[in-house]
Amino acid sequence: MTTTTPHTPTTLSVVIGAGGTGGHIYPGLALAEALRAAVPGAVVSFIGTERGLETELIPGAGYRLHTVDMIPFDPSLGAKRYLLPAALLRSAHQARSVIRAQGAHAVVGMGGYPSAPAVLGARLAGLPAVIHESNAVPGRANQFAARLTPHVAVAFDRSRAHLSGGERALTTGMPISAALSGLAELPGADRVALRAEARYALGVPPGRRLIVFNGGSLGAVRLTRAAAALAGLWQYRDDVQLLIKTGPAELPDTVTELATSGGQRIARAVPYLDRMDLVYAAADLVVCRAGSATIAELAATGVPAVLVPYPYAPGDHQTHNARVLSDAGAGVLLPDAETTAERLAHLIGPLLADPARLSAMAGAADPGPHARAAELLAAEVLRVAGFVPTPHLERI
């Protein structure tokens, strides 16, 4: 566990529990950004563990990360799952120490196993806590944490039935970064200009449709391999360009496969996609997993998508997430087991040949509250913490 130095804050102090995957961390960072915008000088720090993406993403965004010794809420741990109660209690006491040292006014749990000790730590410290559930089917950590606080927020109304006190939950949408919420609200002419700028920045040749393959924060082997094989099948096409986010582990093999198959003529593999505002502005179609953050971003930006839910997600929550878009006609649901180069060619080819359908899919995306979710959730945190909202939050 990291050490903390007690201090007496002169302004708002909030501790956010978030970790494991980008689906919990990125919304937490968007909330932190909104809190700092609402209360200049606010002290925002995070609780996580040493094993997740938080060790890179949170310090990289300029926020302090405190770590606790929590283990995942995962039945696949086998006999180790019997250690969970002791690990939770130990890490909750560690979190309480962090919360007190930070002089926190409120704690927020964004889901994922590091957030449970943060919420329990707030309970032990006698402080209010807010939880935010990002998925259509809640994870185990938030199912537990919802029993510890009356302050529950959700990204999708569908998750209410699965949470204690869910009927009273506040629907905020999914917090997304200011860059993406700004893209969602751009007027038509400005968006056209940004699209041209984004395509140039991403190296998309003129006249080509850009298909982005995004397997989530760590990449997805199934999507990466299918995309690389599709590039080989389509290597002689002059009307498409593929951008494949592989994750760092799969990058070398993917680059080699593209070079061997000739797919490098129309495809580029990258380990990360850092500027998602540019990616969404430039893309004609996204093929992706169905994490809650990705679904919210697609809904807010109106980019048509082929959605390939991760089949082993707890409660099959990615399929439930994906149906938020597919039921509205904004996306096409493709089972993981069917995701091959041939199936993608059969599915994507007709979509690209039908601009009217792509336009209809884009128009069917309902941004809901997602573009303003970070501000809405920040306003709720300020209310629970007893802070008077700034003028721009009073208008929400």
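The structure presented is a predicted model; accordingly, all values stated were derived computationally and were not measured.

Conventions we followed
Numbering of residues starts from 1 in every chain and runs along the sequence as written. For a predicted model such as this one, the threshold for reporting local features is a pLDDT of at least 70, and the threshold for listing and counting side-chain atom pairs is 80 or more; totals across whole chains, interfaces and linings nevertheless cover every residue. Each side-chain value is derived from all of the structure's non-hydrogen atoms; neither hydrogens nor water enter the calculation. The helix count covers DSSP runs of H or I at least four residues long, the strand count covers runs of E at least two residues long, and both are numbered beginning at the N terminus. Take the number of residues in a helix, subtract one, and multiply by 1.5 Å to get its expected span. Exposure is judged per residue with a 1.4 Å probe applied to protein chains only, and the accessible area is read against the type maximum: over 50% gives exposed, under 20% gives buried, and values in between give partly exposed. Within this analysis, the arc is defined by the directions that extend from the helix axis to the C-beta atoms. Pairs of residues are marked as contacts when any of their non-hydrogen atoms sit within 4.5 Å. UniProt positions are given in the numbering used here, feature names are shortened, and annotations may be inferred rather than shown by experiment. For the purposes of these results, a polar contact is taken to be a pair of N or O atoms within 3.5 Å, where, inside protein, one atom must be able to donate a hydrogen and its partner to accept one; residues adjacent in sequence count only when each atom of the pair is a side-chain atom. The pairing test for Phe, Tyr and Trp rings, Trp by its six-membered ring, is centres within 6.5 Å, and the orientation test on the planes gives stacked under 30 degrees, edge-to-face over 60, and tilted for anything in between. Here, a charge over a ring is recorded when the distance from Lys NZ or Arg CZ to the ring centre is within 6 Å and its angle to the ring normal is within 35 degrees.

1. With respect to helix 7 (residues 188-201)
Compared with an ideal rise of 1.5 Å per residue, which puts 14 residues at 20 Å, helix 7 spans 20 Å between its outermost C-alpha atoms and is within 8% of the ideal. Three or more residues of helix 7 are buried, namely Leu194, Ala198 and Arg199. Relative to the axis of helix 7, the buried residues are bounded by an arc of 135° and lie together on one face. Facing away from the buried surface of helix 7 by more than 90 degrees, the exposed residues are Ala189, Val192, Ala196 and Tyr200. Turning to helix 7, the residues buried within the fold contact helix 6 (178-184), strand 8 (209-214) and helix 10 (276-282). Residue Gly203 follows helix 7 closely and has a positive phi angle near 70°.

2. Thoughts on the UniProt feature "binding site: UDP-N-acetyl-alpha-D-glucosamine" (unreviewed entry) in the protein
UniProt records the feature "binding site: UDP-N-acetyl-alpha-D-glucosamine" (unreviewed entry) for Thr21, Gly22, Gly23, Asn135, Ser217 and Gln318 in the present numbering. Among the structural elements, Gly22 can be located in helix 1 (residues 22-38). When its relative accessible area of 2% is taken as the criterion, Gly22 is described as buried. For Gly23, a relative accessible area of 25% corresponds to the partly exposed category. If sequence neighbours within four positions are ignored, Gly23 has contacts with Ser134, Met174, Ser292 and Ala293.

3. Overview of the side chain of Gln102
Relative to the elements of secondary structure, Gln102 occurs in the loop between helix 3 (84-101) and strand 4 (106-109). Of the polar contacts made by the side chain of Gln102, one reaches the side chain of Ser45; its length is 3.3 Å.

4. So, the environment of Thr11
Mapping Thr11 onto the fold places it in the segment before strand 1 (13-17). Between the alpha carbons of Thr11 and Arg357 there is a distance of 51 Å; along the sequence they are 346 residues apart. Leave out the neighbours within four places in its chain, and Thr11 touches Val39, Pro40, Gly41, Ala42, Val43, His105 and Phe387.

5. Overview of the packing of aromatic side chains
One pass over the structure, following the stated rule, counts two aromatic pairs. Ring centres 5.7 Å apart and planes at 70° place the aromatic pair Phe46 and Tyr63 in the edge-to-face group. In this pair, Phe46 sits in strand 2 (residues 43-48) while Tyr63 sits in the loop between helix 2 (54-60) and strand 3 (64-67), placing the two residues 17 residues apart along the sequence. Taken individually, Phe46 and Tyr63 each receive the classification buried, so the pair is uniform in this respect. Taken together, a centroid distance of 5.7 Å and an interplanar angle of 75° make the contact between Tyr310 and Tyr312 edge-to-face. Accessibility expressed as a relative area gives 37% for Tyr310, which makes it partly exposed. When the ring centre of Trp234 is taken as reference, the NZ or CZ atom of Arg237 above it lies at 4.4 Å.

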